[in-house]
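Residue strings, one per chain:
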Amino acid sequence: MHRLLRFLTLLGLSLLLPFAPSVAQDPLTLLQRHPLESPERGVIAHRDAIVRALGIKPGTVVADIGAGTGAFMEPLARAVGPGGRYIGVDIDKDYVKLMESRAKRLGLAQASVVLSRPDSITLPADSVDLMVVIDAYHHFAPPEPMLASMLKALRPGGQLVIVDFDRTPNSPRWLREHVRADKATFLKEMEAAGFRIDRDLKIPGLEGHFATRLLKP
Ligand SMILES: C[S@@+](CC[C@H](N)C(=O)[O-])C[C@H]1O[C@@H](n2cnc3c(N)ncnc32)[C@H](O)[C@@H]1O
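What counts and what doesn't
- Residues numbered from 1 in each chain as written.
- Predicted model: local features only at pLDDT ≥ 70, side-chain atom pairs only at ≥ 80, totals over all residues.
- Helix = DSSP H or I, 4+ residues; strand = E, 2+ residues; numbered from the N terminus.
- Buried ≥ 20, exposed ≤ 12 C-beta atoms within 10 Å, placed from the backbone.
- Contact = placed C-beta atoms within 7 Å.
- Pairing = 2+ DSSP bridges.
- Axes fitted to C-alpha atoms, helices over the stretch in contact; angles between N-to-C directions.
- Parallel < 35°, antiparallel > 145°, perpendicular 65-115°, else oblique.
- Left-handed = near helix turned anticlockwise from the far one by under 90°.
- Nonpolar A, V, L, I, M, F, W, Y, C, P; charged D, E, K, R; others polar.

Asker: How should I be thinking about the overall build of the protein in this particular structure?
Answerer: Assigned secondary structure in the protein consists of nine helices and seven strands. In the protein, which comprises 217 residues, the proportion classed as buried is 34%. Once local pairs closer than 6 in sequence are excluded, the contacts in the protein between residues at least 24 apart make up 70%.

Asker: When you look at the sheet that holds strand 4 (residues 128-134) in this model, what are you seeing that I'm missing?
Answerer: By way of backbone hydrogen bonds, the strands of a sheet pair with one another, either parallel or antiparallel. Overall, mixed pairing links the seven strands, which are arranged 3-2-1-4-5-7-6 in an open sheet. Each of the sheet's edge strands pairs with one partner strand only, and the pair in question is strand 3 (111-115) and strand 6 (196-200). For this sheet, the mean inter-axis angle between neighbouring strands, taken without regard to orientation, is 20 degrees. For strand 2 (residues 85-90) and strand 3, the ladder comprises five bridges, and the chain directions are parallel. The partner of Asp90 across the bridge, within strand 3, is Leu115. Its contacts with the sheet place helix 6 (residues 93-106) against strand 2 and strand 3, and it is angled at close to 170 degrees to strand 3. Docked against the sheet, helix 9 (residues 183-192) engages strand 5 (154-165), strand 6 and strand 7 (209-215), running at close to 15 degrees with respect to strand 7.

Asker: I would appreciate a short explanation of the pairing of strand 7 in the present structure.
Answerer: Looking along a regular strand, one sees the side chains alternate between the two faces of the sheet. Across seven bridges, strand 5 lies against strand 7 in antiparallel orientation. Bridged to Ile162 within strand 7 is Thr212. Two elements, strand 6 and strand 7, share four bridges in a ladder whose sense is antiparallel. In the strand pairing of strand 7, Ile197 is matched with Leu214.

Asker: What's the story with the packing of helix 4 (residues 47-54) against helix 5 (residues 73-80) in this structure? I'm lost.
Answerer: The description of two packed helices rests on the angle between their axes and on the distance between the axes. Contact geometry of helix 4 with helix 5 gives a least axis separation of 10 Å together with a crossing angle of 30 degrees. Considered as vectors, helix 4 and helix 5 are oriented roughly parallel to each other. As helix 4 runs across helix 5, the sense of the crossing is right-handed. On the side of helix 4, the interface is formed by Arg47, Asp48 and Val51, while helix 5 contributes Pro75, Leu76 and Ala79. Counted by class, the contact of helix 4 with helix 5 contains four nonpolar, no polar and two charged residues.

What follows is the structure, given as structure tokens:
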């Protein structure tokens with residue numbers, strides 16, 4: 001009877017095991033399965049090349065605007081080092097929570113996150129050296145108030161790097177439907193907001209995207 005009881009207990013536990021809290025519920029493990037983290041996205045497959053092209057110096061204050069799940073948090077925070085700062089900014093509170101737990105789990109004291117507004121990045125004036133906007137600019141609607149708040153938060157001479165889909169008449173249909181305008185239109189909006197175009201960045205292997213650096217005069 002004793003043995004039967006033990007057998008039934010073990011059987012029950014083994015049946016319940018797949019539903020028990022496990023590493024599968026660890027936020028970082030779940031994160032790895034998030035579509036924004038998929039290497040099928042060009043910017044994820046070429047994440048290291050993108051970060052290298054930014055040429056970040058230790059001590060830099062970097063703001064990642066529209067940071068999503070924080071896929072770029074770790075390489076950017078490591079590039080700025082403990083003396084710099086990484087600020088992940090997004091309007092989605094679930095993404096902001098994910099980024100918070102990511103920073104904690106990775107022990108990145110130089111990383112912080114900000115829940116912003118659709119019309120403003122809500123960062124203080126002249127507080128950022130470098131802003132990166134990766135696959136996010138085309139979501140800013142309308143872009144003008146966002147650009148005004150970005151210009152304000154950059155320090156004079158600070159950099160804005162936009163990496164986004166390069167919409168052309170030959171782009172696949174999903175891209176033409178999803179991205180509202182082409183590179184030239186996006187850059188004109190940024191110039192109209194007061195940014196100065198510096199140059200395109202070369203990201204080896206990254207197709208269907210452009211990467212352009214602009215400056216706050
Ligand atoms: C396609 S995701 C890109 C996320 C991340 N940059 C990456 O490449 O993994 C676009 C992100 O922009 C954010 N977003 C959209 N409009 C925004 C706004 N006005 N201000 C800040 N973030 C915004 C969305 O919440 C989303 O997380």
